[in-house]
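These are the residues of each chain, in order.
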Amino acid sequence: MSASPHTRLQPFSLFLTAAGCAAASALDPLLGLSDGQPPVLQLAPGVLFACVLMFGYLHAVPALLVAVVAAVLQGVAPLPALLQAGLDALLVCLAVQALRTFPLQPFPRMRADHYGWFIAAALAVSVGSGAADAWTPSAPFYVSDWTLHAAGRFAGTLLMVQLVAGWTGHLNWRGLPGDLGQALPWLLLTLLMTAEPFLRVLDGPEPWMLLLPAVLVWSAIQLKVRWMSLLLVLMHATALYGTQARLGPFGNEAPLAALMLLQAFIVTFSIAPYALAITLNERAAASRRARIREAQLLDLFDGSIQGILIHREFKPLYANRRAAELLGFPSVADLMAQRSLASMVVADDMPVIASDSNRRLLAAGRVLPMQADVLRADGERRTLDSVIRQVQWDGANAIQATFIDVTDDLRARREQRGRLERQEKQLSAIMRLGVDQALSAGEDGALATVTEVVAGALSLPRVSVWRLEPEQGRLRCLDLYDARRQEVAGGHAAGDQIDPEDFPHYLALMRSGRALAVADARSDVQAHEFRRGYLDSHGVTAMLDAPVFLDGRLAGVICLEHTEGRREWLHDEQRFAGELATLIGRYLVALERRRARAAQARLSAILDATPDYVSTVDTDLRITYLNLAARRTVGLAGTTLLPDLLVGDLYPPEAYSHYLKVELPAVLRDGIWVGETALRTPDGGSTPMSAVRVAHRDADGQVQYISSVLRDISGIKRTELALREANETLELRVEERTAELARANERLKDLDRLKSMFIASMSHELRTPLNSIIGFTGVVLAGMAGELNTRQHDQLTRVYGSARHLLALITDVIDISKIEAGFIDVFEERFEVASVIDEAVQSVAQAAREKDLFIQVHQPPGLLVQADRRRLLQCILNFMSNAVKYTVEGTITVEASVRGSWLDISVEDTGIGMDEAGLARLFQPFERIDSQLRVKTPGTGLGLYLTRKIATELLAGSVDVRSTEGVGSRFTLSVPREGSGRAAEGVRP
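Source: prediction; values computed, not measured. (Residues numbered from 1 in each chain as written. Predicted model: local features only at pLDDT ≥ 70, side-chain atom pairs only at ≥ 80, totals over all residues. Heavy atoms only, no water.)

Engineer: Where do I start with the overall build of the protein chain in this structure?
Structural biologist: Across its full length, the protein chain carries 30 helices and 24 strands. Out of the 989 residues in the protein chain, the part that is buried amounts to 40%. Counted over contacts in the protein chain with a minimum sequence separation of 6, partners at least 24 positions apart contribute 59%. Total accessible area computed for the protein chain in this model is approximately 54,000 Å², and 58% of it derives from carbon and sulfur atoms. (Helix = DSSP H or I, 4+ residues; strand = E, 2+ residues; numbered from the N terminus. Buried < 20%, exposed > 50% of the residue type's maximum accessible area, 1.4 Å probe, protein only. Contact = heavy atoms within 4.5 Å. Areas by Shrake-Rupley, 256 points an atom, 1.4 Å probe, with all protein chains shown as cover.)

Engineer: How do you make sense of a nonpolar patch on the surface when you look at a structure like this?
Structural biologist: Among the surface-exposed residues, Ile672, Val674, Val692 and Val709 lie close enough to one another that they form a single nonpolar patch of about 310 Å² accessible area. The topology assignment puts Val709 in strand E17 (residues 703-712). (Patch = residues over 30% accessible without salt bridge, like charges linked within 9 Å, V, L, I, M, F, W, Y side chains within 5 Å. Salt bridge = Lys/Arg side-chain N within 4 Å of Asp/Glu carboxyl O.)

Engineer: Please explain the state of the cysteines as it appears in this structure.
Structural biologist: Covalent bonding between the sulfur atoms of two cysteines defines a disulfide. Per the counting criterion, the structure on display carries zero disulfides. Residue Cys477 stays outside any disulfide, its sulfur separated by 8.3 Å from that of Cys559, the closest cysteine. (Disulfide = S-S within 2.5 Å.)

Engineer: Mind showing me how you'd approach the confidence of the model for the protein chain here?
Structural biologist: It should be kept in mind that the predicted coordinates are not to be read in detail where pLDDT is low. When pLDDT is averaged along the protein chain, the result is 79, and 85% of the positions lie at 70 or above. Contacts for the low-pLDDT stretch residues 1-9, under 50 throughout, to residues beyond four places or in other chains number one contact. Within the model, pLDDT remains below 50 along residues 104-108, and this stretch shows 13 contacts once partners closer than five positions in the same chain are excluded. (pLDDT = per-residue confidence, 0-100.)

Engineer: Is there a simple way to think about the pattern of salt bridges in this case?
Structural biologist: Two side chains with opposite charge may pair up if their charged atoms get near one another. Inspection of the entire model under this criterion finds 31 salt bridges. Between Arg462 and Asp482 there is a salt bridge, with its nearest N and O atoms 3.3 Å apart. Placement of Arg462 in strand E6 (residues 462-469) and of Asp482 in strand E7 (residues 474-482) is noted, with a sequence separation of 20 residues between them. Taking the relative accessible area as the measure of exposure, Asp482 reaches 3% and is therefore buried.

Engineer: Before we go on, may I ask you to explain the nonpolar core in this structure?
Structural biologist: Nonpolar side chains in soluble globular proteins tend to be buried together. Leu41, Phe49, Phe118, Leu262 and Phe265 are the most contacted members of the largest nonpolar core, which has 70 residues in total. If we skip the residues at most four places from it in the chain, Leu41 touches Asp28, Leu31, Gly152, Ala155, Gly156, Leu159, Leu240 and Ile266. Counting residues in each nonpolar core, the second largest holds 41 residues, with Val865, Ala867, Val894 and Leu955 among its members. (Core = buried A, V, L, I, M, F, W, Y, C linked by side-chain atoms within 4.5 Å.)

Engineer: Before we go on, may I ask you to explain the packing of helix H3 (residues 60-73) against helix H4 (residues 78-101) in this structure?
Structural biologist: Pairs of packed helices are described in terms of their axes, by the angle between the two and the distance that separates them. Contact geometry of H3 with H4 gives a least axis separation of 9 Å together with a crossing angle of 150°. Classified by the interaxial angle, the pair formed by H3 and H4 is roughly antiparallel. In the packing of H3 onto H4, the handedness of the crossing is right-handed. Along its contact with H3, which presents Ala60, Leu64, Ala67, Val68, Ala71 and Val72, the element H4 presents Pro78, Ala81, Leu82, Ala85, Gly86, Ala89 and Cys93. Of the residues belonging to the contact of H3 with H4, the class tally is 12 nonpolar, one polar and no charged. (Axes fitted to C-alpha atoms, helices over the stretch in contact; angles between N-to-C directions. Parallel < 35°, antiparallel > 145°, perpendicular 65-115°, else oblique. Left-handed = near helix turned anticlockwise from the far one by under 90°. Nonpolar A, V, L, I, M, F, W, Y, C, P; charged D, E, K, R; others polar.)

Engineer: Help me understand H4 in this model?
Structural biologist: Since the α-helix turns once every 3.6 residues, residues separated by three or four places project in the same direction. Helix length check: H4, at 24 residues, gives a terminal C-alpha distance of 34 Å against a target of 34 Å (1.5 Å per residue), a fit within 8%. Ala81, Ala85, Asp88, Ala89, Val92, Cys93, Ala95, Val96 and Leu99 are the residues of H4 that are buried. (Expected span 1.5 Å × (residues − 1).)

Engineer: Hey, could you run me through the packing of aromatic side chains in this one?
Structural biologist: To describe a pair of aromatic rings, you give the distance between the ring centres and the angle between the ring planes. For the structure on display, the rule yields eight aromatic pairs. Seen in terms of ring centroids, Tyr656 and Tyr659 are 6.4 Å apart; in terms of plane orientation they differ by 10°. Their pairing is stacked. In this pair, Tyr656 and Tyr659 are both assigned in helix H22 (residues 653-670), three residues apart and thus about one turn of the helix distant. On the basis of relative accessibility, which here comes to 2%, the residue Tyr659 falls in the buried class. Here the aromatic residues Phe503, Tyr506, Phe530 and Tyr534 are joined through ring pairs into a cluster of three or more. Above the face of the Phe831 ring, Arg869 is positioned so that its terminal group lies 5.9 Å from the ring centre. (Phe/Tyr/Trp six-rings, centres within 6.5 Å; stacked < 30°, edge-to-face > 60°. Lys NZ or Arg CZ within 6 Å of the ring centre and 35° of its normal.)

Engineer: When you look at the pairing of strand E3 (residues 368-375) in this model, what are you seeing that I'm missing?
Structural biologist: Two faces, one strand: in a regular strand the side chains alternate between the faces of the sheet. Here E3 runs beside strand E4 (residues 381-393); their pairing, made up of eight bridges, is antiparallel. When the sheet's bridge partners are listed, Pro369 is paired in E4 with Val387. Here E3 folds back onto E4 in antiparallel fashion, the turn holding five residues, of which Gly379 has a positive phi close to 90°. (Pairing = 2+ DSSP bridges.)

Engineer: Please explain the pairing of strand E12 (residues 553-562) as it appears in this structure.
Structural biologist: Counting buried positions over the 10 residues of E12 gives nine, a clear majority of the element. As judged from the six bridges shared by E6 and E12, these two strands associate in the antiparallel manner. Its bridge partner being in E12, Ser464 is matched across the sheet by Cys559. Taken together, the nine bridges between strand E11 (residues 542-550) and E12 define a ladder with antiparallel strand orientation. Across the sheet, residue Phe549 finds its bridge partner in E12, namely Leu554. Taken together, E11 and the strand that follows it, E12, pair antiparallel across an intervening segment of two residues, in which Asp551 is found at a positive phi of about 55°.

Engineer: Looking at this structure, how should I read a positive patch on the surface?
Structural biologist: Together, Arg288, Arg289, Arg291 and Arg293 make up a region of like positive charge exposed at the surface. One can find Arg288 in helix H10 (residues 255-302). (Lys, Arg positive; Asp, Glu negative; His and termini not counted. Charge placed at Lys NZ, Arg CZ, Asp CG, Glu CD.)

Engineer: What am I meant to see in the environment of Leu210 here?
Structural biologist: Within the secondary structure, Leu210 sits in helix H8 (residues 205-222). Judged by relative accessible area, which is 70%, Leu210 ranks as exposed. Placed 17 residues apart in sequence, Leu210 and Met193 show a C-alpha to C-alpha distance of 9.7 Å.

Engineer: I tried to follow the packing of helix H15 (residues 407-434) against helix H20 (residues 571-609) on my own but got confused; where do I start?
Structural biologist: The geometry of H15 relative to H20 is characterised by a closest axis approach of 11 Å and an angle of 5° between their N-to-C directions. Classified by the angle between their axes, H15 and H20 sit roughly parallel to one another. Mapping the contact onto sequence places Arg419, Arg422, Gln423, Gln426, Ala429, Ile430 and Leu433 in H15 and Asp572, Glu573, Arg575, Phe576, Glu579, Leu580 and Leu583 in H20. For the contact of H15 with H20, the class distribution of residues is six nonpolar, two polar and six charged.

Engineer: Help me out: how do you make sense of the sheet that holds strand E19 (residues 854-858) in this one?
Structural biologist: Note: strands within a sheet are paired through backbone hydrogen bonds, in either parallel or antiparallel orientation. An order of E19-E21-E22-E24-E23 is seen for the five strands of this open sheet, with the pairing classed as mixed. Bordering the open sheet on either side are E19 and strand E23 (958-964), each of which pairs with just one other strand. Within the sheet, the average angular offset between the axes of one strand and its neighbour, ignoring direction, is 15°. The pairing of E23 with strand E24 (residues 968-976) spans seven bridges and is antiparallel. Its bridge partner being in E24, Ser958 is matched across the sheet by Ser974. Contacting E23 and E24, helix H30 (residues 943-954) crosses the sheet at an angle of about 140° to E23.

Engineer: Is there a simple way to explain the side chain of Thr383 in this structure?
Structural biologist: Looking at the element boundaries, Thr383 is found in strand E4. We classify Thr383 as buried; its relative accessible area is 12%. Among the polar contacts made by the side chain of Thr383, one reaches the side chain of Asp373 at a distance of 2.7 Å. If sequence neighbours within four positions are ignored, Thr383 has contacts with Gln371, Ala372, Asp373, Ile404, Asp405, Val406, Thr407 and Leu410. (Polar contact = N/O pair within 3.5 Å; in protein donor to acceptor, adjacent residues only side chain to side chain.)

Engineer: Looking at this structure, how should I read the side chain of Asp88?
Structural biologist: Relative to the assigned elements, Asp88 resides in helix H4. At a separation of 3.2 Å, a polar atom in the side chain of Asp88 contacts the side chain of Arg153. Contacts of Asp88, omitting those with residues within four sequence positions, involve Leu48, Ser129 and Arg153.

Engineer: Would you mind going over the sheet that holds strand E13 (residues 613-618) with me for this structure?
Structural biologist: The sheet built from five strands is open, its strands ordered E14-E13-E17-E16-E15 with antiparallel pairing. Both outer strands of the open sheet, strand E14 (623-626) and strand E15 (672-680), are each paired with one neighbouring strand and no more. Each strand of the sheet is rotated relative to its neighbour by a mean of 25°, with strand direction disregarded. Sheet analysis places E15 next to strand E16 (residues 686-697), joined by nine bridges and oriented antiparallel. Across the sheet, the residue bridging to Ala678 is Pro688, located in E16.

Written as structure tokens, this is what we have:
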């Protein structure tokens, strides 16, 4: 630690004290008038007094040592010399302590009111030390000697202390040359006046002796104290030199008389001029300070921040500059030129100001505070806060008003009050949300409380919270509160999504961690991405969005939106938005934690539901988790594991040894091990298990735990044993079984042929009575057998429809049976495709008109095909019949096209369509697609099955279908254009 400058300079100052005392001690013997007499003045005691008084008690030590050495060199014994020097130092220290204790402003500062204390202390020290100097053990004590020694010490102390006090302390060394130029004439004049009587420069010293005091007084008036102290030293040195040379007024006197006169001269002319100089300098300084203070006070009064106005019945008598400024006048003269200022006071405040009660209080000497609105000279209305009192001005009563403009202060107070109210609402909202249990727990509906509370705290119509979902790459609204839509779900909504690619600059700003504070969203460039629909659709005019971060990544945004014009977002509101973002971040953490716990619970439930043994083991081979099946396997009750359950407790000795030697090294090395092991059972036995062990590592690659999935393979082991036994007789049993299957297959073929022949032969027997029923029912319905009433007509209509439906069913079944039995014939001919399509359209036209369906046909003209016309018509008719049945409204489109050597005929509808499950069952016999039209629409479920059979087995073609649920279906029949032989071109679909 470095020493302070004062500490570093102290040894040097002590050395200077010692040097000064040594020089004074060497000089003192030279200041006498004759041998055997004490010196006229002793400088060494004065240097000691000055150094201790001005610089501290420590300086008495080097002075004491110098005094002892000087006395010993002059022949004094060491002990008396030490006692004498010690007495001098003690007396000086006591005097200095007194001077630093009793005056009102202690030393070392030399002032006129302290100078008397100093003279008394110096005189006391001089008298005490002079007595010691005058006393010798072997000689009588003379008062005259005592007086001479005391006077010499006193004179030396006066000169040295005055000189040191004047030339130490805070000196402006740069200003000394200027001071010297002013002081030098007076120094020379005074020294000339001193030299004349003491050095006989001119004859007749008496007149000059009378002028010397006058010159000293004038010098004391003109010179500063430090120059006066130097002048006194030079003047007394001149007087001493002249007296020693037997010149001057004391040169002709006896040595003792000359000594006493010279000492009296030095003492007198040391005290009186110096005291006068101190007094005059202090008074001059005080006068200068008073003038400066008066000017400062006047300037302060005129430059006061308060307006000061003295008036009588509102006629101005006095005003400072500030009053003119506050009242809107260019200058004080313009204000004083007004005859009355009453018109400047707002009419509502004038009755209060000029009320009788206020006049009485002012007359009683009361000081009244008052606030009033005034109309300034420039027309601006301002609020002035004033203090008025009654004063005397030019011998009559007047009113003094001291006032300030508090308009801005009142506005600031209102703004501060508003800010405090806002901050109180914000703090209340933060405190309420901070203790919300649902929010802390991450519950799904907690954000509704956040958005509603924030909207109330900031008086906002819209507040929303959005979550950035990086997997989907979208911003999803977790909760939106719109106070304008309270009637719908209390103003809350969720689920809206925003594509971040539409807002790249906005997302970049959010990821940078800065909030988006836009006072005018329609003109601010920061919100330009929202002008493409968002602002107009929601009526947003100002927005404040703060990013929500999780683990240093952008996780969401909280949006505060204003809808009523421009809004400047204040600093406290932006800080509040940041605090809300932090709160939302904690909520998202809690939400993820809750979902993780739920997922963990679901995983535990899944693992408990599985029959497999599942466990986890830490690196110390302690069991940390066992699912329900594992606990049951090893015979543990309850859900809590034993605290010190180890792997070795669950395996037989051989299996545990294999675990340590083979399984554990392999899983630590490769990360996975698959094999077989055994578990210990509660009864002491073992159960064979298949095992999969996986090592789970942290980000640094260190294994954290090992999971194991084991499955009981005791049944598999038994099966393997049975298989081994069965393999020995497998070949014989296969041969026997193959023979049985061949015989059964032949019987099935015979039965199938018989079935098909039976159905084919029964076609005439089944259809003949049905045709009779249909024919006679048609005759009766036509009225040929007489008129029918409504009920009879309805019943017969049902019989007619059911009979035709049954006939169609029998026909389809017979066709299918014939196709499967190979009894159906194919009659190919060349015909025009348009005729077949038109015939099919005409067949369903009536049904289509009843449902207001429109049928479109697109086909190339003159298109011919070689095929079985009846079977092709049957396929197309089935497609169109289904299209009419399962289309509620819209259009049915029939399209024919050529693809190489293939003919494609498509029927497309705008009906109910089918899902994937319906398409999988579409061409199965007796299968109908589930829909709302199934009950209303008749059918057997054989149409499409028969159509596919005809297309593939009779027409050598194929059927393709495409369907969309709720949109419609498209069925396409593809047949070769040149008959049922293999197509020459193209690829069969």
